[in-house]
Amino acid sequence: MAEVLSLVEARLRTALGEPDARAAMTFVGTDRVEVLRFLDPGESPGSDVGAVVRYATLGMSARPMADPTVVVPDPARGPRAELVLSVRAGLADTDKVLHPLAVLAVSPQVEGLVVSAGASLEVGEPLWPGAPFSSVLVGESGGLVPDLELEAPLEPVRFLPLLPMTPNEAAWKRVKGAQALQERWLAHGTDLRDPLRGSVPLD
């Protein structure tokens, strides 16, 4: 478990740089989870203009996610993942997202969820103070942080981007599907990193 997390952290540092902050959280009956904060200065180093802050979980991939219907899950085989959220810096108190992210990261242990692309994850409260989002859409891995191959029989660790959804978008996605919502965002040029954005037109 420790070896896997060391490799995961090394991959995050290679892809995102050095974290400028980290927080560790432990919930009853679960393994410890950390959330690392990375600041991408964008085009203007030393300024918040164009800067993007990224939050990545570390600990979710320590164990494979298991189908809740399996009586005795395989301790080695099964999908592994970490979560990555990217938002524009300086517009909202997004550092308060650390706790909700940690809760999502332990959901496979607590609820027996297998988190994968296209899934919706509900936080039950605003992601940060004043956030118009209380749920996220799980995006496809392999973009910002490449998948991490592990020694067989362990499956690769996938770094899944989280895309915040407004309540209207989440309801629309339940009916139309993840791909339809992503196509709607793309068609309207939605800035998914804007921590204060409104809902995309859904008519």
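Refer to the structure printed above.
In this report, the structure presented in the accompanying data block is examined. Keep in mind that what you see is a predicted model, and the values were worked out from it rather than measured.

Definitions and limits used
- Residues numbered from 1 in each chain as written.
- Predicted model: local features only at pLDDT ≥ 70, side-chain atom pairs only at ≥ 80, totals over all residues.
- Heavy atoms only, no water.
- Core = buried A, V, L, I, M, F, W, Y, C linked by side-chain atoms within 4.5 Å.
- Buried < 20%, exposed > 50% of the residue type's maximum accessible area, 1.4 Å probe, protein only.
- Helix = DSSP H or I, 4+ residues; strand = E, 2+ residues; numbered from the N terminus.
- Contact = heavy atoms within 4.5 Å.
- Pairing = 2+ DSSP bridges.
- Axes fitted to C-alpha atoms, helices over the stretch in contact; angles between N-to-C directions.
- Arc of directions from axis to C-beta.
- Salt bridge = Lys/Arg side-chain N within 4 Å of Asp/Glu carboxyl O.

**What to know about the nonpolar core**
Considering soluble globular proteins, one finds that nonpolar side chains tend to be buried as a cluster. One finds Tyr-55, Leu-85, Val-115, Trp-128 and Leu-162 to be the most contacted residues of the largest nonpolar core, which totals 29 residues. When residues of this core are traced back to their parent elements, those giving at least two are strand 1 (21-25), strand 2 (33-40), strand 3 (52-58), strand 4 (80-88), helix 2 (98-111), strand 6 (135-138) and strand 7 (157-165). Counting residues per element, this core draws most heavily on helix 2, at six residues. Contact partners of Leu-162, with chain neighbours within four places excluded, come to Leu-83, Val-84, Leu-85, Leu-101, Leu-104, Leu-121, Val-136, Leu-137 and Val-138. With 16 residues, the next largest nonpolar core counts Leu-5, Ala-56, Val-157 and Phe-159 among its residues.

**A few points about the sheet that holds strand 1**
Within the open sheet, the seven strands sit side by side as 1-2-3-4-7-6-5. Their pairing is mixed. Since the sheet does not close on itself, it has two edges, and those belong to strand 1 and strand 5 (120-122), each with one partner. Here the average twist between neighbouring strands, direction ignored, is 25°. Relative to strand 2, strand 1 runs antiparallel, the two being bridged by five bridges. Note on strand 2: the bridge partner recorded for Ala-21 is Arg-37. Against the sheet, helix 1 (residues 2-16) touches strand 1, strand 2, strand 3, strand 4 and strand 7, its axis set at about 170° to strand 3. Contacts from helix 2 reach strand 1, strand 2, strand 3, strand 4, strand 5, strand 6 and strand 7 within the one sheet, and its direction differs from that of strand 2 by about 130°.

**Examining helix 4 (residues 178-187)**
Those residues of helix 4 not exposed but buried are Ala-178, Leu-181, Arg-184 and Trp-185. The arc that holds every buried residue of helix 4, seen down its axis, measures 125°, which confines them to one face. Facing away from the buried side of helix 4, by more than 90 degrees, are the exposed residues Gln-179, Leu-186 and Ala-187. Among the structural elements, strand 6, strand 7 and helix 3 (167-176) are those in contact with the buried residues of helix 4. Of the residues one or two after helix 4, Gly-189 is the one with positive phi, at around 60°.

**A look at the pattern of salt bridges**
Pairs may arise between side chains of opposite charge once their charged atoms sit close together. A full pass over the atoms with the stated rule returns 13 salt bridges. A salt bridge links Glu-9 to Arg-13; the nearest nitrogen and oxygen atoms lie 2.9 Å apart. Of this pair, Glu-9 and Arg-13 both sit in helix 1, four residues apart, which is roughly one turn of that helix. For Arg-13, a relative accessible area of 27% gives the class partly exposed. With its nearest N and O atoms 2.8 Å apart, the salt bridge here joins Glu-169 to Arg-197. Of the two residues, Glu-169 sits in helix 3 while Arg-197 sits in the segment after helix 4, which places them 28 residues apart along the sequence. Accessibility classification places Glu-169 together with Arg-197 in one group, the buried group. Through salt bridges with shared partners, a single ionic network connects Glu-9, Arg-13, Glu-18, Arg-22, Arg-32 and Glu-34.

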